[in-house]
Amino acid sequence: MLKRLLRRWRSGRPPIRSLQVEVSTLCQLACVYCPRTVAGSSWPGRILAWELYEKLAAGFGLFETVFLQGWGEPLTNPRFWDMVALAKNRGCKVGFTTNGLLFDAAAAERACRLGVDIITFTFAGATAATHQFYRAGADFAALLGTVRLLAATKKRLQAAKPLISVTYTQMRGNVRELPAAARLAAAIGAGQMTCGHLDCILAPALEEHAVFLNPAAGDEQDLVSAAVLARRAGLVFDAEPPRMGGEILVCEPYPLRVTVFVRADGTVVPCHMMALPAAAIERLYFRGRPYAYEPIVFGDLAQQPLAAILANAACGQLRQIFTARADPAVSAGAAIPDAPAFCTKCYKLYGV
Ligand code: SF4
């Protein structure tokens with residue numbers, strides 16, 4: 001396997017689209033839907049050590065993009081900008097998601113000068129009341145100002161990058177504001193809007209906020225209106241549908257083809273759903289029922305380089321399952337291999 005990865009690397013085609021790196025599990029906010037908030041004091045606050053990141057960088061050539069995002073605010077890592085610079089120097093596209101709280105004028109200038117490819121700002125409403133209800137501790141007006149500041153800095157420096165993106169977590173209490181959010185994203189200078197779902201549910205009370213579990217008349221229409229408004233304003237628009245469907249063959253993170261996730265403690269896992277700290281999370285909920293949180297862990301950077309981890313048996317097994325499920329010949333009546341047990345209770349496997 002390692003030989004195949006290296007062959008594709010040398011041929012100029014990074015075999016995996018995105019390396020998601022959790023550089024911090026700390027955050028200043030207490031979003032009501034976030035696993036950090038639900039876990040409370042048992043949540044381990046961690047910063048990815050610079051030494052581990054340097055070790056990780058030896059494998060950057062296997063990836064098209066290094067995306068600095070995990071279950072925390074990336075800019076709380078004191079070496080954050082060094083991490084961005086290192087990934088850029090290795091020739092990767094670089095992106096990150098932020099709550100905007102530490103993103104000031106100096107950060108905007110740095111991002112433009114380093115050629116960061118994409119920066120995503122997280123929204124949970126198109127009004128201060130809604131956004132601040134879901135994202136406790138946030139300042140909606142300040143966030144709008146931060147996005148405008150980056151747009152103005154790009155213009156002043158005549159920088160083509162970063163692409164400014166707004167990610168909007170669709171929840172029962174904010175879907176009606178989707179069209180307004182699309183207008184707002186365009187007005188503050190975003191070039192992209194993506195609308196995902198609350199898909200990682202740690203407490204039964206949070207299920208009422210999941211749109212796909214509690215569909216209502218008008219959900220589709222609001223999403224379509226937002227898409228039309230966004231596209232008219234020149235925004236790239238991408239959204240998960242508001243309903244849950246049947247089992248799909250390959251989830252959006254498509255481990256080892258689209259994503260590999262490195263946690264702040266240096267362990268390597270398939271995706272964000274398996275990246276929660278096991279010491280703090282005992283169970284997740286799927287359609288009202290709890291299930292034990294038992295993620296697949298591929299390996300530990302402290303023990304092995306990334307390329308060796310990606311060539312091990314655990315990776316090989318998962319790769320084989322998803323590759324077989326993604327094979328177009330499967331739809332011709334052949335048996336479809338079962339998804340891993342953990343995945344069968346993940347909403348991502350149902351198109352959410
Ligand atoms: S189905 Fe869910 S848990 Fe399984 S790989 Fe995809 S995102 Fe991860």
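Residues numbered from 1 in each chain as written. Predicted model: local features only at pLDDT ≥ 70, side-chain atom pairs only at ≥ 80, totals over all residues.

K.L.:
Explanation requested: the sheet that holds strand 6 (residues 192–197) in the structure shown.
P.N.:
Within a sheet, each strand pairs with its neighbour through backbone hydrogen bonds, oriented either parallel or antiparallel. If you trace the 10 strands from one edge of the open sheet to the other, you get 7-6-5-4-3-2-1-8-9-12, paired in mixed fashion. Two strands in the sheet have a free side with no partner beyond their single neighbour: strand 7 (236–239) and strand 12 (299–300). Pairing of strand 1 (residues 16–21) with strand 2 (residues 63–68) involves five bridges; the strand directions are parallel. Each residue of the ladder has a partner; that of Ser18, found in strand 2, is Thr65. (Pairing = 2+ DSSP bridges. Helix = DSSP H or I, 4+ residues; strand = E, 2+ residues; numbered from the N terminus.)

K.L.:
What should I look at first to understand the site of the ligand in this one?
P.N.:
Around the ligand, the neighbouring residues are Cys251, Pro253, Pro255, Pro270, Cys271, Met273, Met274, Phe342, Cys343, Cys346, Lys348 and Leu349. Classifying every residue of the shell around the ligand by side-chain character gives 11 nonpolar, no polar and one charged. (Near = placed C-beta within 6 Å. Nonpolar A, V, L, I, M, F, W, Y, C, P; charged D, E, K, R; others polar.)

K.L.:
Just checking my understanding: could you explain the nonpolar core for this structure?
P.N.:
Burial of nonpolar side chains together is a common tendency in soluble globular proteins. Val66, Ala181, Ala182, Ala185 and Met193 are the most contacted members of the largest nonpolar core, which totals 91 residues. For this core, the element with the highest residue contribution is helix 8 (residues 178–187), accounting for five residues. With residues up to four places along the chain from it excluded, the contact list for Ala181 reads Phe123, Ala126, Tyr168 and Ala226. (Core = buried A, V, L, I, M, F, W, Y, C linked by C-beta atoms within 7 Å. Buried ≥ 20, exposed ≤ 12 C-beta atoms within 10 Å, placed from the backbone. Contact = placed C-beta atoms within 7 Å.)

K.L.:
Just to check I follow, could you spell out the pairing of strand 6 for this structure?
P.N.:
Each regular strand displays side chains that alternate between the two surfaces of the sheet. Residues Met193, Cys195 and His197 point to one face of strand 6 and are all buried, whereas Gln192, Thr194 and Gly196, pointing to the other face, are not buried. Sheet topology places strand 5 (residues 163–170) next to strand 6; six bridges connect them, and they run parallel. Across the sheet, the residue bridging to Gln170 is His197, located in strand 6. In the classification by handedness, the crossover that spans strand 6, the intervening helix 9 (residues 219–232) and the parallel strand 7 is right-handed. (Right-handed = clockwise from strand over helix to strand, strands pointing away.)

K.L.:
I tried to follow unusual backbone geometry on my own but got confused; where do I start?
P.N.:
With the exception of glycine, most residues fall at negative phi, and the peptide bonds are largely trans. Here the residue pair Lys161 and Pro162 is connected by a cis peptide bond, since its omega of 5° sits within 30 degrees of zero. Not every positive phi belongs to a glycine, and Leu256 is a case in point at roughly 75°. Secondary-structure assignment places Leu256 in the loop between strand 7 and strand 8 (259–262). Residue class for Leu256 comes out buried when judged on the 22 C-beta atoms lying within 10 Å of it. Although it is not a glycine, Arg287 sits at a positive phi angle of roughly 50°.

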